[in-house]
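One letter stands for each residue in the lines below.
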There are 4 protein chains.
Amino acid sequence: MSNTFGDIFKITVFGDSHGKAIGCIVDGCIAGLEIDESFIQKELARRSAGNDFFSSARKEPDKFEILSGILDGKTTGGAIAFTIPNTNIKSEDYLNLDTLFRPSHADFTYFAKYGTTVSAGKLQASARIFAAVVLAGAIAKQMLQKFGISVYAFVDQIGPVSLGKSYKQIDAAAIELSPVRCPDKETSDKMLLELKNIKKNNDSVGGKICGVISGCEPGLGDPIFQKLQAKLAHAMFSINAVKGFEYGSGFNAAGMVGSQHNDIFAIKKNKLTTLTNNSGGIQGGITNGEDIYFNVAFKPAPSIAQVQKTVDRQAKPIEFIAKGRHDVCFVPRAVPIVEAMAALVVADAYLKHLSYAE
Amino acid sequence: MSNTFGDIFKITVFGDSHGKAIGCIVDGCIAGLEIDESFIQKELARRSAGNDFFSSARKEPDKFEILSGILDGKTTGGAIAFTIPNTNIKSEDYLNLDTLFRPSHADFTYFAKYGTTVSAGKLQASARIFAAVVLAGAIAKQMLQKFGISVYAFVDQIGPVSLGKSYKQIDAAAIELSPVRCPDKETSDKMLLELKNIKKNNDSVGGKICGVISGCEPGLGDPIFQKLQAKLAHAMFSINAVKGFEYGSGFNAAGMVGSQHNDIFAIKKNKLTTLTNNSGGIQGGITNGEDIYFNVAFKPAPSIAQVQKTVDRQAKPIEFIAKGRHDVCFVPRAVPIVEAMAALVVADAYLKHLSYAE
Amino acid sequence: MSNTFGDIFKITVFGDSHGKAIGCIVDGCIAGLEIDESFIQKELARRSAGNDFFSSARKEPDKFEILSGILDGKTTGGAIAFTIPNTNIKSEDYLNLDTLFRPSHADFTYFAKYGTTVSAGKLQASARIFAAVVLAGAIAKQMLQKFGISVYAFVDQIGPVSLGKSYKQIDAAAIELSPVRCPDKETSDKMLLELKNIKKNNDSVGGKICGVISGCEPGLGDPIFQKLQAKLAHAMFSINAVKGFEYGSGFNAAGMVGSQHNDIFAIKKNKLTTLTNNSGGIQGGITNGEDIYFNVAFKPAPSIAQVQKTVDRQAKPIEFIAKGRHDVCFVPRAVPIVEAMAALVVADAYLKHLSYAE
Amino acid sequence: MSNTFGDIFKITVFGDSHGKAIGCIVDGCIAGLEIDESFIQKELARRSAGNDFFSSARKEPDKFEILSGILDGKTTGGAIAFTIPNTNIKSEDYLNLDTLFRPSHADFTYFAKYGTTVSAGKLQASARIFAAVVLAGAIAKQMLQKFGISVYAFVDQIGPVSLGKSYKQIDAAAIELSPVRCPDKETSDKMLLELKNIKKNNDSVGGKICGVISGCEPGLGDPIFQKLQAKLAHAMFSINAVKGFEYGSGFNAAGMVGSQHNDIFAIKKNKLTTLTNNSGGIQGGITNGEDIYFNVAFKPAPSIAQVQKTVDRQAKPIEFIAKGRHDVCFVPRAVPIVEAMAALVVADAYLKHLSYAE
């Protein structure tokens, strides 16, 4: 525990790689919302590994089934439950891994916490549970669309290759055209080249994703412990392998002076706006109407096709090599997960916002 | 709302700068814990601005009063309530600020959310509420001490001046010897010089704090949405002015390969340990027994003694200069706040850990 | 929302009668607990309508499927997800009901809240969702058994027929021998006779269930707003059709004097006990080690095979008769639901209790 | 823990009888609400023991102090904190009680839970904490008034004396005219006579309160585990000494048939209404626009001026008599507490209701 996220728009996920299915329950979505199932399917497909050389193989794309909460294509106001069957279970791959603690995996900590004798990869540490999150995010996105809010993300860095452009300088429509979800053709090509090298070395590589939330009216979020940026950070660090989060000016702010960092208010087209956006769309924990943008850093996948040293469950030093195909880089596949978690945060904040009577 | 943080070890804070007092309620602390009030007072003093030239002036140090939950020097198991009187209220300073939206402050967003006609600085956006958090953190620290866990933090960067050393290379005992809470004498001096320049320019400057949690046994934290790093991130972004958070290898991980990033398990002195600690003491959201370390980036204080452009509440462009003394850099004073929030997260995780029966 | 109950041992249910399945996620159960699936199946069967004449017909007993959280017959510590397929969907029965607001059903309030154009019986108001609760309760019961705690309930009243005995005077083993779950043969027979009369009149009838929790050690529960009796009351009023809850001396206490009501402490077999148990095993919100016992009152089923007046969705007065077979009395089937909700409350309180370090 | 109640409109209370003050934090109240402090003071006075012969003596009425959240007579949207000083501390009265477990008090269970060596009356078991609840309720009532919702309660039974009238048959304006808060003069007089007898016998007596909530629009509350009646039950059982709760037809429903119990819908004055109100204003957990009414049963005060048997902390049987003046009957003083808890539940439900967009 706890597999639940959100206060009003709330999701509860379940699943492990050994079971029959993963899934989620979306509770608190508004009633009467039209749900486009093909959009959900598309979102799921974005997270599934494709035919690209840098992802671990899964033969079939994820299929989902709606169990409750949607009637005649519209939400009923009741809990929306989904399952995604585990069609491609190969837990035998983990059999030899059950005996040891893989480096930088959760095997040891799960053993310490649960006393489990099997690899954490079979349990809820499996990254696969985030397919359920993407699915819930697809519901959140459709609700947000109704409120004029959109969420997107793209790959900003893979290993040493960085985009070097702000989200304002790229074409969001180009994101899905790139196999690595980097909307700049030249950088995308460099990233692919880098990934080929990494793969040749039987290694993996980390990366960075930039996320953008547009269309939030001023007033979403709450002061003190429910600041919107705190909920976003909580959401992002809930994703496996995330090591850093920053929004607006981020870590650069540490090196800046106030006269340079302050966002000057001005009126444009009869609307209050800021001339710069170091605030990242949030001031005092509450949206100011500007774009919210943020970066999320991912570590390289810990499973690599190399001999590695570690210790087994009898505390004996050993060497091992993990079988099967591994992710050279899961960062491109994490893009829809970042979007989904962001959408869940904003959906929840939006509904809370409505409860603030005037 | 919501002014509450934590699930089992839970705090609720209150306060604004116009009221009689700020304070907090600590709920869920174990019973029978000896509380050293002088330690609490010392922690509070660490957050209060001192005589240093780079902090805003407050004439008197914060005093606190215990209202409930402690009997004969020990916790009773009931809610521990504290207040800190507002002895130095100068809300008249804000009077002229009530008419306009200060850049990079919460004035506009509070107006959008609450329809308020006064400066957010009078309301719960006031950084002063974190004195209450430090107080609650001082209770948490005393409980954690009983469980062998310690928490400390230090200033790692101010503007362009960086420490350039890991927490392992510094002497924690030297932190409080430095007026800027940087334990390296040479860097501390450079930071002070930088701050003098910034002050001369009537400007402010950002910075970075490194936090360390030692002594956590393996097994604290939970998978999926209650990962310890997610709670820490949530905690840190609850602090005013925080723009970035990373733990372990952090943003550097995005540029690394797996074979370099993986932390190899080994046995040292009959104890399982890792040869490196890119994981930052947390794997799969759960502590592995190694040190937890993290960085927090702060933006420069938005209040500066310069003429700034902005817009007033009638949407008219104006220029203004904020009266009074301002923080050149609040990062050194944020050190005990970072520690307090970290202590609250770990205290809560520790008590949840106990509920995990074996 | 909210479909979630509990803080540490937490369940989230979903389902409506029009969907493919109902189900639940049990989050926070201890790891390594052996789960007896046949026990779960038995509990489910207890809630399903049998061949008795007084229940609405369902052709097939509920079957469940475990989707996650159990590996090799033991809990993994991850979320345990279950589904129960809706094999016997007859939502066409509701078709004519979609046009009107059935008396004492949730049709009107669901319309007011969700703007729904269909009968609430198709939505989450369906009592069927409590099959999922029974399932979750079967997990909780197995965990509680490990801690020496047992939960049972029986029918104490149906319409005018009352048992007139305390739980101490009955044989719990006889409960399941009675078709109405009343352990006293003579009363059980009277109840059956009463039910036959009610059925002949095309009517339904209410009743009362007595629940008992044995084996709780002293110290479970929390003061103020988490009193164990408050959680039990919350749990019982979550069950459809519940109109009253009392524990220990209950409503009788209103007519008693202190000298008569006070439970005198004494030592028996080296154990502190009370000579009477008007406290119902709870003092100040916390268990004292004595049995917890309580009563739950149910209203008669609102669906009856009689012509009834009401108003349709166009606010026009009409008469209607609900088709299909109806529950003459659902109180006997509610016995396992009462037990399940009680078990969930105690399971959660027990795990919280463990987090209270000393 | 947990001293917090509510989700959006949320209160956190603190206090024990040995400390300097009790108090509460009200979080989530709407901004811009005018607060009438004299109303709060009046509500507090209603709970304080008066000059009546049947209440325990307190020399001074409770005074409160607002610490935050209200500026120029209006809520700011921030947490509203209040304290009530403990002016009349006589914990020496408890000194001899520290050595033993008083019958039907929380002394033993607090010892079991917290290992405390003092009487629970000094700790958070003190009924005095409900002065803070009344205060919070006074804020909730003022917010509800703005939304057209009113809450009141009266004494329906004291020991053997019952009112025997429904809330519809009494004059709410007469409640405060009666020293026992029973609006029927004849019954009130009988109750006073009964109380005199009880006092003569050095005994105490229980009673019952009827509460009424009027003016809720349809749609408040949520299905499954957030049914409005479940929240009300939770709220009422949070009050010390409550043994039973029923709403609408309550326990009588167990003896009724469906054709008699069903509330027929009809149109009156262009508004949908029900001809009877056995549903107590709630159907499927959601308000239907009719009055919500409920009964709450209280046990007699356990402190009586008689010699009682019990066991001391060394498990030795002893006899004792509690010094000081005791409540012959605290039920009349519990009326504002019942109202406050009900107001808190409805305030929270109302704000959640607003978050339900259409």
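What comes next concerns the included structure.

Conventions and cut-offs
- Once a new chain begins, its residue numbering starts again from 1 and follows that chain's sequence as written.
- Chains carry letters and ligands carry numbers; both start at the beginning, A for chains and 1 for ligands, and go up in the order they are written.
- Only residues with pLDDT of 70 or above have their local features reported here, since the model is predicted, and side-chain atom pairs are shown and tallied only from 80 upward, although totals for entire chains, interfaces and linings are computed over all residues.
- Hydrogens are left out, water is left out, and the side-chain values use all remaining heavy atoms of the structure.
- Helix numbering and strand numbering both begin at the N terminus, where a helix is a DSSP run of H or I of at least 4 residues and a strand a DSSP run of E of at least 2.
- Here the copies are superposed with least squares, the fitted atoms being C-alpha atoms of residues at a pLDDT of at least 70 in both.
- Whether two residues are in contact is decided by their heavy atoms, any of which lying within 4.5 Å being enough.
- Take the accessible area each of two parts loses on contact, using a 1.4 Å probe, and add the two losses: that sum is the buried area.
- A pairing counts as a salt bridge when a side-chain nitrogen of Lys or Arg comes within 4 Å of a carboxyl oxygen of Asp or Glu.
- Contacts described as polar in this section are N or O atom pairs within 3.5 Å, which, within protein, must combine one atom able to donate a hydrogen with one able to accept it, while residues neighboring in sequence count only if both atoms come from side chains.
- The nonpolar class holds Ala, Val, Leu, Ile, Met, Phe, Trp, Tyr, Cys and Pro. Asp, Glu, Lys and Arg form the charged class, and all remaining residues, Gly among them, are polar.
- We treat two strands as partners when DSSP finds at least two bridges between them.
- Working rule for helices: expected span equals 1.5 Å times residues minus one.
- Each residue's exposure class comes from its accessible area (1.4 Å probe, protein chains only) as a fraction of the maximum for that residue type: buried when under 20%, exposed when over 50%, partly exposed otherwise.
- Think of the arc as the fan of directions from the helix axis to the C-beta atoms.
- Note on terminology: pairs of cysteine sulfur atoms within 2.5 Å are recorded as disulfides.
- Aromatic rings from Phe, Tyr and Trp, with only the six-membered ring used for Trp, were paired whenever their centres fell within 6.5 Å, and each pair was classed as stacked if the ring planes differed by under 30 degrees, edge-to-face if by over 60, and tilted otherwise.
- For a Lys NZ or an Arg CZ to count as sitting over a ring, it must be within 6 Å of the ring centre and within 35 degrees of the ring normal.

Quick look at unusual backbone geometry now. One non-glycine residue, Ile-224 of chain B, adopts positive backbone phi at about 55°. Structurally, Ile-224 of chain B is set in the loop between β11 (207-214) and α5 (228-237). Positive phi, normally seen in glycine, also occurs at Ala-315 of chain C, with a value near 65°. Looking at the secondary structure, you find Ala-315 of chain C in the loop between β18 (308-312) and β19 (317-320).

In the superposition of chain D on chain C (RMSD 0.0 Å, axial shift 0.0 Å), the rotation amounts to 180°. What we have between these two chains is a two-fold relation. Most of the interface of chain D is mirrored in chain C, where 100% of its interface residues again form contacts.

Moving on to the interface of chain D and chain C. Taken together, the contact between chain D and chain C spans 101 residues of the former and 102 residues of the latter. Interface area for chain D against chain C, summed over the two sides, is near 7700 Å², with a carbon-plus-sulfur share of 66%. One can count two salt bridges joining chain D with chain C. Residue Lys-113 of chain D is joined to Asp-222 of chain C by a salt bridge in which the shortest nitrogen-to-oxygen separation is 3.7 Å. For the pair chain D and chain C, the number of links is 38 residue pairs in polar contact (both at pLDDT 80 or more). Looking at the side of chain D that touches chain C residue by residue, the classes come out as 49 nonpolar, 39 polar and 13 charged. Bridge analysis of strand β12 (residues 242-247) of chain C against strand β12 (residues 242-247) of chain D gives three bridges, and the strand direction is antiparallel. From the neighbouring strand, Phe-245 of chain C faces β12 of chain D, where its bridge partner is Phe-245 of chain D.

Before going further, it helps to examine the sheet that holds strand β18 (residues 308-312) of chain D. Residue and element names in this part refer to chain D. Judged by pairing direction, the sheet is antiparallel, and its three strands sit side by side in the order β8-β18-β19 without closing on themselves. Since the sheet does not close on itself, it has two edges, and those belong to β8 (100-101) and β19 (317-320), each with one partner. Strand direction decides the pairing type here: β18 and β19, joined by four bridges, are antiparallel. Looking at β19, one finds that Gln-308 is bridged to Phe-320.

All right, on to helix α4 (residues 185-200) of chain A then. Residue and element names in this part refer to chain A. Given a rise of 1.5 Å per residue, 16 residues ought to cover 22 Å, and the 23 Å separating the end C-alpha atoms of α4 matches this to within 8%. Restricting attention to buried positions, one finds in α4 the residues Thr-187, Ser-188, Met-191, Leu-192, Glu-194, Leu-195 and Ile-198. One side of α4 holds all its buried residues, which, seen down the axis, span an arc of 165°. Opposite the buried face of α4, by more than 90 degrees, sit the exposed residues Lys-185, Glu-186, Leu-193 and Lys-200. Where the residues of α4 are buried, they touch β9 (150-158) and β10 (161-162).

Turning our attention to the interface of chain D and chain A. Each side of the interface is counted separately: chain D has eleven residues, and chain A has eleven residues. For the chain D and chain A pair, buried surface summed over both sides reaches about 960 Å², with 63% attributable to carbon and sulfur atoms. Applying the counting criterion to the chain D and chain A interface returns zero salt bridges. In this assembly, chain D and chain A are joined by zero residue pairs in polar contact (both at pLDDT 80 or more).

Time to look at the state of the cysteines. A complete count under the given rule lists zero disulfides over all chains for this structure. Unpaired in this structure, Cys-182 of chain A has its nearest cysteine sulfur neighbour in Cys-210 of chain A, at a distance of 11 Å.

One pass over the full model with this rule turns up 58 aromatic pairs over all chains. Ring geometry for Phe-245 of chain D and Phe-294 of chain D: centres 5.6 Å apart, planes at 40°, overall tilted. Of this pair, Phe-245 of chain D sits in strand β12 while Phe-294 of chain D sits in strand β17 (residues 292-298), placing them 49 residues apart in sequence. One aromatic cluster is present, formed by Phe-101, Phe-108 and Phe-111 of chain A together with Phe-265 of chain B through successive ring pairs. Over the ring of Tyr-247 of chain B we find Lys-243 of chain A; its NZ or CZ atom is 4.0 Å from the centre of that ring.

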